[in-house]
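Residue-level listing of the chains:
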Amino acid sequence: MNDDSPDAFRNVSRKPGMQIWTINNMQLVPVPAQGFGNFFEGDCYIVLHVSSRLSADIHYWIGNSSSQDEQGAAAIYVTQLDEYLGGSPVQHREVQGSESPRFRSYFKNGLIYKKGGVASGFRHVDTNAYNVLRLLHVKGRKHVAATEVEVSWNSFNNGDIFLLDMGKAIVQWNGPQSNRREKLKAVLLAQDIRDRERGGRAQIGVVEGGNEEDSPELMKVMMAVLGQRTGQLKDAIPDDKPDQVQNANTLSIHLFYQGYIKAKNYPSSTTVEVMTEGGESAMFKHLFKSWRDKGQTQGLGSTYSLGKIAKVDQVKFDVMELHARPELAAQQRMVDDASGDVKVWRIENLELAEVNPSTYGQFYGGDCYLVLYTYQRSNQQQYILYMWQGRHATKDEITACAYQAVNVDNKYNGAPVQVRVVMGKEPRHFLAIFKGKLIIFEGGTGRPGVVNPDPGARLFQVRGTDELNTKATEVLARASSLNTNDVFLLKTDKTCYLWYGKGCSGDERVMGRAMSDVLSRQDKQVVMEDQEPAEFWVALGGKAPYASDKRLQREEPPHSPRLFECSNQTGQFRMTEVDDFAQSDLDEEDVMLLDTWEEIFFWVGNLANQQETKEAWNSAQEYLRTHPAGRDPDTPIIFVKQGYEPPTFTGWFNAWDPHKWSVSLIALL
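All of the points below concern the structure found in this document. Treat the numbers as computed from the prediction; the structure is a model and nothing was measured. (Residues numbered from 1 in each chain as written. Predicted model: local features only at pLDDT ≥ 70, side-chain atom pairs only at ≥ 80, totals over all residues. Heavy atoms only, no water.)

**Comments concerning the packing of aromatic side chains**
Part 1 of the argument: For the structure on display, the rule yields 29 aromatic pairs.
Part 2 of the argument: Between tryptophan 61 and tyrosine 113, the ring centres sit 6.2 Å apart and the planes meet at 25°, which makes this aromatic pair stacked. Within this pair, whereas tryptophan 61 is found in strand β5 (residues 56–62), its partner tyrosine 113 is found in strand β7 (residues 111–114), the two being separated by 52 residues in sequence. Side by side, tryptophan 61 and tyrosine 113 carry an identical accessibility label, which is buried.
Part 3 of the argument: Taking 5.4 Å as the distance between ring centres and 55° as the angle between the ring planes, the aromatic pair formed by phenylalanine 103 and phenylalanine 107 counts as tilted.
Part 4 of the argument: Taking the relative accessible area as the measure of exposure, phenylalanine 103 reaches 0% and is therefore buried.
Part 5 of the argument: Taking relative accessible area as the criterion, phenylalanine 107 reaches 7% and is therefore assigned buried. (Phe/Tyr/Trp six-rings, centres within 6.5 Å; stacked < 30°, edge-to-face > 60°. Helix = DSSP H or I, 4+ residues; strand = E, 2+ residues; numbered from the N terminus. Buried < 20%, exposed > 50% of the residue type's maximum accessible area, 1.4 Å probe, protein only.)

What follows is the structure in structure tokens.
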């Protein structure tokens, strides 16, 4: 296989994103993006994940029914891929059912274990294919895994959730003893299957197992497939572990031999990380109290290693390469170089109203929009239909948006790929098609003739380094919304201020200037951090603390922040790490621990278990006392309640949304 490695890896991208391969006849076969999260039990997979900071992790996943030959081939390919990437990636061994938190974090909506493998008819996921009949047994509270089981009532039990997937329809059956969190996770998994594998066209229905009489039509569908149910369903299957991943042992070593696990009598599911000098993971560094990277300066200075400056974002997309390499297009979420045609409609009185092209890129939180993007591929017209939903739009408008999307889809004979876009979660291609002029207004409407209430001063956070990745998002016009890493635009009646944080780059300042010209025709006044005039603070309601910690200015802090979910659901306090964390990982039912090394934050959700909250202080002290790096037991411990987060907490999260919890999660479904 050494001779073939250049061919196998020539399409490997070093840009942020994820790529997956499976082993077929001892050869690497790329998995299309639509198939991400689906794993055949008889196969082995290799997953390459490159973070936004360009650090790489290689995982090789072992299915429970995979052969020794496939496992050996996967291990060899991992070594070759690591060498191809210069030896810097961290290698991870993953076993079905005992995957590491980092691996599971890549698949936010869950993993699906499918029966069989290459030999039993593996094929790429075909979007819009409806010839499907399967029953998925869904388990997991934080990290969800769904396993294909026999399509029969005999597979059901009273405590878990099951998805009956029939191609054009997916019925979610909730066991009478399942909880709200499990139901929500299952709904997200069902929506993910619909959107990725069915192009958004499958219907989803939910049946409450304890009240089946309330869903007679859906029960008829289930009976038609599963037959008449006889006898009682099985009792709930207790979870021996809250999440299998929580009890998986983690072994961080620089040299790994397959026999080491057996010699030490570790479980076969032991997670293994292999890394080289200079490529250590955040978890490995946290094992040492005084870890220093090569070239790291002391004091308040900053140093950047070669390749870690975000100049890669400046590389122009080669549209021909994207067309020739669909796996690259999927990994970058870029079907082309965003040079196609754009047409935008707004939902007005539940009907479509064309938006004036001069205002393209301006989206209001009180509206819903349809954006049709047209481009050429192989001399054929291709379409993407984005459905943008404002945070403050009414349920009727959101429903009308989906209905009108169907009408537009029908007009183009079902050709458009439909993409639902929730305000604040715009994908990269969506940003790119507006050429650095995308502005998200928190509320109001863009309807002509409607006068929005005067909000007074308005503050916009600008993020991006070029026309392909820049957007401006309106945030609360208060000093606490500022962040030392970014560019902000403060628009008042008389002046438009461009505030440059100390941590922003020259490219970010250029895009901030360009965005200010779109936002306002007023005179622009550049304001450097720590040199603000009094009028600037007056417009923001007075000076106040904001995310200005010197550590936030570093490209890569000596000890990267780590987020943990804290739980006592098995009667014993446990912490599970959340990799690549975001604000969306803070669940209302959770107690979370954010370790920034110099401070420990305990975040308590409004619906958190009272016993978990009561134990929070003792648990934080125990965490410090037992930390392998010999942490200072007097490290400040900060207790934070949901909705009252200080900037020293929110500054560690990208694009913090202070209104996130003002809308019910269930309402969003």
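Anyway, onward from the coordinates.
**Observations regarding unusual backbone geometry**
Part 1 of the argument: A positive phi angle, close to 65°, is found at alanine 338, a residue other than glycine.
Part 2 of the argument: Inspection of the secondary structure puts alanine 338 in the loop between α9 (326–332) and β15 (341–348).
Part 3 of the argument: Judged by its relative accessible area of 1%, alanine 338 falls in the buried class.

**What about the sheet that holds strand β10 (residues 161–165)?**
Part 1 of the argument: Across the sheet, which stays open at both edges, the 7 strands sit in the order β3-β7-β9-β8-β10-β11-β12 with mixed pairing between neighbours. At either margin of the open sheet sits one strand with a lone partner, and together these are β3 (38–40) and β12 (203–208). On average, adjacent strands in this sheet sit at an angle of 25° to one another, irrespective of strand direction.
Part 2 of the argument: In the sheet, β7 pairs with strand β9 (residues 145–149) via 3 bridges, with the strands oriented parallel. Across the sheet, residue leucine 111 finds its bridge partner in β9, namely alanine 145.
Part 3 of the argument: The strands that helix α5 (residues 216–226) touches are β10, β11 (169–174) and β12; relative to β12, the one it contacts most, it runs at about 95°. (Pairing = 2+ DSSP bridges. Axes fitted to C-alpha atoms, helices over the stretch in contact; angles between N-to-C directions. Contact = heavy atoms within 4.5 Å.)

**A closer look at the sheet that holds strand β22 (residues 458–463)**
Part 1 of the argument: Pairing is mixed across the open sheet formed by 7 strands, whose spatial order is β17-β21-β23-β22-β24-β25-β26. The outermost strands of the open sheet, each flanked by one partner alone, are β17 (362–364) and β26 (524–528). Within the sheet, the average angular offset between the axes of one strand and its neighbour, ignoring direction, is 20°.
Part 2 of the argument: Here β22 runs beside strand β24 (residues 487–491); their pairing, made up of 5 bridges, is antiparallel. By the bridge assignment for β24, valine 462 is matched with valine 487.
Part 3 of the argument: Strand contacts of helix α12 (residues 506–519): β21 (438–441), β22, β23 (471–475), β24, β25 (496–500) and β26, with the helix running at about 20° to β24, the strand carrying the most contacts.

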